[in-house]
Amino acid sequence: DLSLLRSKFRGSMLGALIGDCLGSPYDNGYNYLSNGMKLVLQKSFDKLEGPMFKAPVMQFTDDSAMTYSLAKSLVEQKELEVVDVAKRFVKSYFLEPNRGYGAGVVTVFQKLRGDKFADIVTPAKQQFNNQGSWGNGGAMRVAPVALFCYENYDNLLDTVRKVTQITHTHKVGVDGAILQAAAIYQSLHLNPNETLNVISFVDDLIQKMDQIEKDEEGLGLAEPQPYKIQLGVVKALISEDGDGPDVKDVLKKLGNSVAALYSVPTAIFCFLRAQKPISGIQTENPFRRAIQYAISLGGDTDTIGSMTGAIAGAYYGEEKINSNMLQHCESSEEFRVLGDKLFEIAVKQ
Ligand code: F2R
Ligand code: MG
Ligand code: MG
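Keep in mind that this is a model prediction, so the values were computed, not measured. (Residues numbered from 1 in each chain as written. Chains lettered and ligands numbered in written order. Predicted model: local features only at pLDDT ≥ 70, side-chain atom pairs only at ≥ 80, totals over all residues. Heavy atoms only, no water.)

1. Remarks on the overall build of the chain
The helix and strand inventory of the chain stands at 18 helices and zero strands. Its C-alpha radius of gyration of 19 Å places the chain within 12% of the 20 Å reference for a compact globule of 349 residues. With the C-alpha coordinates of the chain rotated into their principal frame, the extents come out at 50 × 45 × 45 Å. Counting every position in the chain, which comprises 349 residues, the buried fraction comes to 59%. Counted over contacts in the chain with a minimum sequence separation of 6, partners at least 24 positions apart contribute 76%. Between the centroid of the 36 positive side chains of the chain and the centroid of its 42 negative side chains there is a distance of 3 Å. (Helix = DSSP H or I, 4+ residues; strand = E, 2+ residues; numbered from the N terminus. Rg over C-alpha atoms; globule rule 2.2 N^0.38 Å. Buried < 20%, exposed > 50% of the residue type's maximum accessible area, 1.4 Å probe, protein only. Contact = heavy atoms within 4.5 Å. Lys, Arg positive; Asp, Glu negative; His and termini not counted. Charge placed at Lys NZ, Arg CZ, Asp CG, Glu CD.)

2. Describing the coordination of the magnesium ion (ligand 3)
Looking at the metal site, the magnesium ion (ligand 3) is ligated by Asp300 (OD), Asp302 (OD) and Thr303 (OG1), spaced 2.0 to 2.2 Å from it. For the magnesium ion (ligand 3), the single-chain donor residues occur in sequence as D-x1-D-T. The two metals, the magnesium ion (ligand 3) and the magnesium ion (ligand 2), are separated by 3.6 Å and share Asp302 as a common coordinating residue. Asp300 sits in the buried class, given a relative accessible area of 6%. Under the relative-accessibility criterion, Asp302 is labelled buried at 6%. (Donors = N, O, S within 2.8 Å, 3.2 Å for Na, K, Ca; no water.)

3. Topic: the packing of helix H1 (residues 2-23) against helix H10 (residues 171-188)
The N-to-C vectors of H1 and H10 enclose an angle of 150 degrees; their axes lie 10 Å apart at closest approach. Compared by their axis directions, H1 and H10 come out roughly antiparallel. Between H1 and H10 lies a crossing of right-handed hand. Residues Leu5, Lys8, Phe9 and Ser12 of H1 form the contact with H10, whose own contacting residues are Ile184, Ser187 and Leu188. Among the residues making up the contact of H1 with H10, the classes are represented as four nonpolar, two polar and one charged. (Axes fitted to C-alpha atoms, helices over the stretch in contact; angles between N-to-C directions. Parallel < 35°, antiparallel > 145°, perpendicular 65-115°, else oblique. Left-handed = near helix turned anticlockwise from the far one by under 90°. Nonpolar A, V, L, I, M, F, W, Y, C, P; charged D, E, K, R; others polar.)

4. Section: the packing of helix H15 (residues 286-296) against helix H16 (residues 301-316)
As a packed pair, H15 and H16 sit with axes 8 Å apart at the nearest point and diverge in direction by 165 degrees. The angle between the axes of H15 and H16 places the two elements in the roughly antiparallel class. Of the two possible hands of crossing, H15 and H16 adopt the one that is right-handed. Along its contact with H15, which presents Pro286, Phe287, Ala290, Ile291, Ala294 and Ile295, the element H16 presents Thr301, Ile304, Gly305, Thr308, Gly309, Ala312, Gly313 and Tyr316. Class assignment for the residues of the contact of H15 with H16 results in nine nonpolar, five polar and no charged.

5. Things to note about the pattern of salt bridges
A complete count under the given rule lists 20 salt bridges for this structure. A salt bridge links Asp340 to Arg6; its shortest N-O distance comes to 3.4 Å. One end of the pair, Asp340, is in helix H18 (residues 332-346); the other, Arg6, is in helix H1, and 334 residues separate them in sequence. On the basis of relative accessibility, which here comes to 25%, the residue Arg6 falls in the partly exposed class. (Salt bridge = Lys/Arg side-chain N within 4 Å of Asp/Glu carboxyl O.)

6. Remarks on the site of ligand 1
Residues in close proximity to ligand 1 total 23 residues, the closest being Asp63, Gly104, Ser133, His168 and Asp300. Here an oxygen atom of ligand 1 and a backbone polar atom of Val105 are 3.2 Å apart. The side chain of His168 places a nitrogen or oxygen atom 2.6 Å from an oxygen atom of ligand 1. Protein contacts shield 70% of the accessible area of ligand 1, which totals 930 Å² for the unbound molecule. Counting residues per element, the ones that place at least two in the shell around ligand 1 are helix H3 (62-77) and H16. (Near = heavy atom within 4 Å. Polar contact = N/O pair within 3.5 Å; in protein donor to acceptor, adjacent residues only side chain to side chain. Areas by Shrake-Rupley, 256 points an atom, 1.4 Å probe, with all protein chains shown as cover.)

7. Here's the deal with the nonpolar core
Grouped together as the largest cluster of nonpolar side chains are 117 residues, with contacts concentrated most on Phe9, Leu22, Ile268 and Leu272. With eleven residues, H10 is the largest single contributor of residues to this core. Setting aside residues up to four positions removed in sequence, Leu22 forms contacts with Phe45, Leu48, Met58, Ile295, Met325 and Cys329. (Core = buried A, V, L, I, M, F, W, Y, C linked by side-chain atoms within 4.5 Å.)

8. Focus: unusual backbone geometry
For residues besides glycine, phi is generally negative; the peptide bonds are generally trans as well. Positive phi, normally seen in glycine, also occurs at Phe128, with a value near 50 degrees. As for its position among the elements, Phe128 is in helix H7 (residues 127-130). Even without being a glycine, Ser331 presents a positive backbone phi close to 65 degrees. If you trace the backbone, Ser331 turns up in the loop between helix H17 (323-327) and H18.

9. Structural notes on the packing of aromatic side chains
Inspection of the entire model under this criterion finds 14 aromatic pairs. Their ring planes at 80 degrees and their centres at 4.8 Å tell us that Tyr315 and Tyr316 sit as a pair that is edge-to-face. Comparing Tyr315 with Tyr316, the two get one shared label, buried. Positioned over the ring face of Phe94 is Arg113, at 3.7 Å from the centre of the ring. Between Lys208 and the ring centre of Tyr153, over which it is positioned, the NZ or CZ distance is 5.5 Å. (Phe/Tyr/Trp six-rings, centres within 6.5 Å; stacked < 30°, edge-to-face > 60°. Lys NZ or Arg CZ within 6 Å of the ring centre and 35° of its normal.)

Dropping the structure here:
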């Protein structure tokens, strides 16, 4: 069904944007939201979904700025041109440097611009004493690549690696982007009108990451398969009966930080957990539930909200995204159009 698939492409781009716009006001360091703040979040979502009211549009941050640049490059070049992507990241940063970029990544942009993009490999490698960044900046912007490679999973891995390494070369930063892309890829290929088998969704990711992390072994990491292990934790948490795991337990085991390892598995968990009702979140809409739950975990709320939204939007499609809420998010029409253009390039019709 091509119209459903088009809607899923839009849904992923819009989901990434909504999670970022709605999550950024709650970016609070490392604490999950108090009961009072959770109520504020509930009421604010209710209001945004309700009849249109005059309110300032919610601004996006670095997550969406970089997602936008990447999507635009793929759409205009119709293939991955890494130098073009790097130029767009840098241009967009220097036009609007106050979008809340990571503390380290700015150095990469300065070096790239400084030598006029002659060498786009070294600046990222030099980050953090030549370790490279393990931040979630690669994962937070990866949705367009998952859409672009809809019909070619092997191409997906290679494309994610190349595009992530513009800024993030640490294996954990790169593999976090691969995991996020793989989750979006799986969501795109599933039918939202059938019940989602949450266990097999995680098992499929475990299988993918097992292969990837095995192939990359020997890099001297303390833990050679960190994502496979964290996905095992996601599976255990999602299998808990009754009301599901306590927030404190989720945060202790999965995390909510700017580290890719402690945010990408969390976003996947939020999407899966929201298949069922969650206490304290009043909505019938599982797309909203996923994002609202992600934000309620606190910490890096814009990014975990955005990554959760990209996965959930790819699964449910635009139909589950409240149009009033969308109108309160900056540039939502541009993100919808980019979803359409990626669909037209990526899907043979
Ligand atoms: N920057 C933020 N949030 C901070 C507060 C924002 C505030 N609301 C505001 O507006 O000012 N958010 C954005 O950053 C995250 C993505 O970061 P990215 O692109 O991965 O950047 P970076 O600098 O490469 O990594 C982030 C931090 O992680 C630590 N780190 C990474 N690798 C490390 C290593 N090898 N050794 C030690 N530390 C490492 C550093 O503290 C980095 O600065 C998203 O949340 C986005 O929304
Ligand atoms: Mg941000
Ligand atoms: Mg963030």
